[in-house]
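Here is how the chains run, residue by residue.
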Amino acid sequence: VRRMPELGIEPRLTDPKPACFARTARPTWCWSDWNAIRTRARALLASMPNVTVRECTFAVDLIVRDGALAGVTASGPDGLFSIACKSAVLATGGFGDLFEHSLNTPDVSGDGQALALAGGAQLINMEFLQFIPGFLSPAYKTVFRETALPYAARMRTDDGRDLLSPYLSEEADRVACIRERATHGPFTSRGISKWFDIAMMEEILQAGADRGFRLRYAPEIREVRFTFLTDYVRWLSERRGVDIVEDDIRIAPFYHAANGGVWIDGDCQTAVKGLLACGEGTGGIHGADRQGGNSTGSCLVFGEIAATAAVRYAQGHGLAKLPADEARSSLEAHYGRRPNARLKPDDILP
């Protein structure tokens, strides 16, 4: 937290709140002005004479020799090329774009995991995914704030049935379900809160996946004075054009995060020597239910660990010499020489 300003992030302290799946309320640091953060981060990179930024350039293959990284094949505005390197860090995020509804941006599509696996690294815990309700309408891909759930009017299906009654016959249990669900964003099967997500999904399947589940909020939510809820109601109105009380809000499960990915050791080293990984692209740091806030740690803390280890590894190894046609030949070695393969690099690259 103390070093965030160095990275171009100016966090602010908010009201104490238990993180998702945590039991103790702690002060929370938040940041939201992403345009300012991007501007500061770009300026920081520009001030480093040994850093070259290649935008609109995608890694498409890893060049591995004798179990160690020798280089990376990439595709960019100038075409296909290879870069010889002593070490590299994969920081490509999860794989949300593989799902119909995702809170991620479209570039988070599992590229790093696929590259690592094809290069000889291992994946772990890929089944540990987290889903959070998101808005289908009126503003698609708007995140649902779980702390608002207790202010939802009695939840009923489109045909008037109580949402939770088929699963929880006692009113006290239905209240407990909503109270517990308001403490965490992602779905979990561990507690009574699971019945909200299960009931919601069953209703969506019956009513039609494109319609989602309808939520109505009581007017009292506008009067709440709690950082995480007050700011959310204001943000919905100012940034997303949503009136949380008046608008017809429909939600459905959205991919939120992956707790699995590329296997790494304590130094972020993968099974391929010289290839390191950090952030959501990795697995094994969290369990099936990642505690809220820890994704920041896996990015910033493990990002520094990976960078330090990558430098240390590079200092002790030489740079491989790559043939001029390495970019094309390495791709063909992976994809073009398999039985019945008909695709060439030019067929799949933009």
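Throughout, a residue's number is its position along its own chain's written sequence, starting from 1. Given that the model is predicted, a residue must reach a pLDDT of at least 70 before its local features are reported, and side-chain atom pairs must reach 80 or more before they are shown or counted; all residues, however, enter totals for whole chains, interfaces and linings. Excluding hydrogens and water, the side-chain values take into account all heavy atoms of the structure.

## Observations concerning the overall build of the chain
The helix and strand inventory of the chain stands at eight helices and 14 strands. With respect to the three principal axes, the spread of C-alpha positions in the chain is 70 × 50 × 35 Å. Scored against the burial criterion, the 350 residues of the chain give a buried share of 40%. Residue contacts follow a heavy-atom distance rule, with two residues in contact if any of their heavy atoms lie within 4.5 Å. Within the chain, residue pairs in contact and separated by at least 24 positions form 65% of the contacts whose partners lie at least 6 positions apart. Considering the chain, the positive charge centre built from 40 side chains and the negative charge centre built from 43 side chains are found 3 Å apart. Under the scheme used here, helices are H or I runs from DSSP no shorter than 4 residues and strands are E runs no shorter than 2 residues, and both carry numbers assigned from the N terminus. We call a residue buried when its accessible area falls under 20% of the maximum for its residue type, exposed when it is over 50%, and partly exposed in between, using a 1.4 Å probe and counting protein chains only. Only four residue types enter the charge count: Lys and Arg as positive, Asp and Glu as negative, with His and the chain ends excluded. Here the site of a charge means NZ on Lys, CZ on Arg, CG on Asp, or CD on Glu.

## With respect to helix α4 (residues 194–207)
To estimate how far a helix should extend, the number of its residues minus one is multiplied by 1.5 Å. For α4, built from 14 residues, the straight-helix expectation of 20 Å at 1.5 Å per residue is met to within 8% by its first-to-last C-alpha distance of 20 Å. Note on α4: the residue one or two positions beyond its end, Gly208, has a positive phi of about 120°.

## Regarding the pairing of strand β11 (residues 249–258)
Counting buried positions over the 10 residues of β11 gives eight, a clear majority of the element. Taken together, the eight bridges between strand β8 (residues 129–137) and β11 define a ladder with antiparallel strand orientation. Each residue of the ladder has a partner; that of Ser137, found in β11, is Arg250. Pairing analysis gives three bridges linking strand β10 (residues 213–215) to β11, with the strands arranged antiparallel. From the neighbouring strand, Phe213 faces β11, where its bridge partner is Ile251. DSSP bridges decide pairing: two strands pair if at least two such bridges lie between them.

## Considering the sheet that holds strand β14 (residues 282–283)
The mixed open sheet is built from three strands, whose spatial order is β7-β12-β14. Two strands close off the open sheet at either side, each with one partner strand: β7 (123–124) and β14. The pairing of β7 with strand β12 (residues 261–263) spans two bridges and is antiparallel. Of the residues in β12, the one forming a bridge with Leu123 is Val262.

## Here we look at the packing of helix α3 (residues 171–181) against α4
Between α3 and α4, the shortest axis-to-axis distance is 7 Å and the interhelical angle comes to 95°. In terms of orientation, α3 and α4 fall into the roughly perpendicular class. In this structure, α3 contributes Cys177, Ile178 and Arg181 to the contact, and α4 contributes Trp195, Phe196 and Asp197. Tallied by class, residues from the contact of α3 with α4 come to four nonpolar, no polar and two charged. The convention used is that axes are lines fitted to C-alpha atoms, helices contributing only their stretch in contact, and that angles between N-to-C directions extend from 0 to 180 degrees. Here is the rule for angles: anything less than 35 degrees is roughly parallel, anything more than 145 is roughly antiparallel, 65 through 115 is roughly perpendicular, and the remaining ranges are oblique. Polar here means any residue outside two lists: the nonpolar Ala, Val, Leu, Ile, Met, Phe, Trp, Tyr, Cys and Pro, and the charged Asp, Glu, Lys and Arg; Gly therefore counts as polar.

## Observations regarding the packing of aromatic side chains
Centres within 6.5 Å are what make two rings of Phe, Tyr or Trp a pair, Trp counting through its six-membered ring; a difference in plane orientation under 30 degrees is then read as stacked, over 60 as edge-to-face, and the rest as tilted. Inspection of every chain in the model, using the stated rule, returns eight aromatic pairs. Consider the rings of Tyr167 and Trp195, whose centres lie 5.6 Å apart with planes at 25°: the pair is stacked. One end of the pair, Tyr167, is in the loop between β9 (142–143) and α3; the other, Trp195, is in helix α4, with 28 residues separating them in the sequence. Both rings, one in Phe226 and one in Phe228, keep their centres 5.7 Å apart while their planes meet at 40°; by these two values the pair is tilted.

## What about helix α5 (residues 227–240)?
Between the first and last C-alpha of α5 there are 18 Å, a value that for 14 residues agrees with the 20 Å anticipated at 1.5 Å per step. Listed as buried for α5 are Thr227, Phe228, Leu229, Thr230, Tyr232, Val233 and Leu236. Here the buried face of α5 lies against β1 (12–18), β2 (25–30), β8 and β9. The positive-phi residue at the C-terminal boundary of α5 is Gly241, with phi of around 65°.

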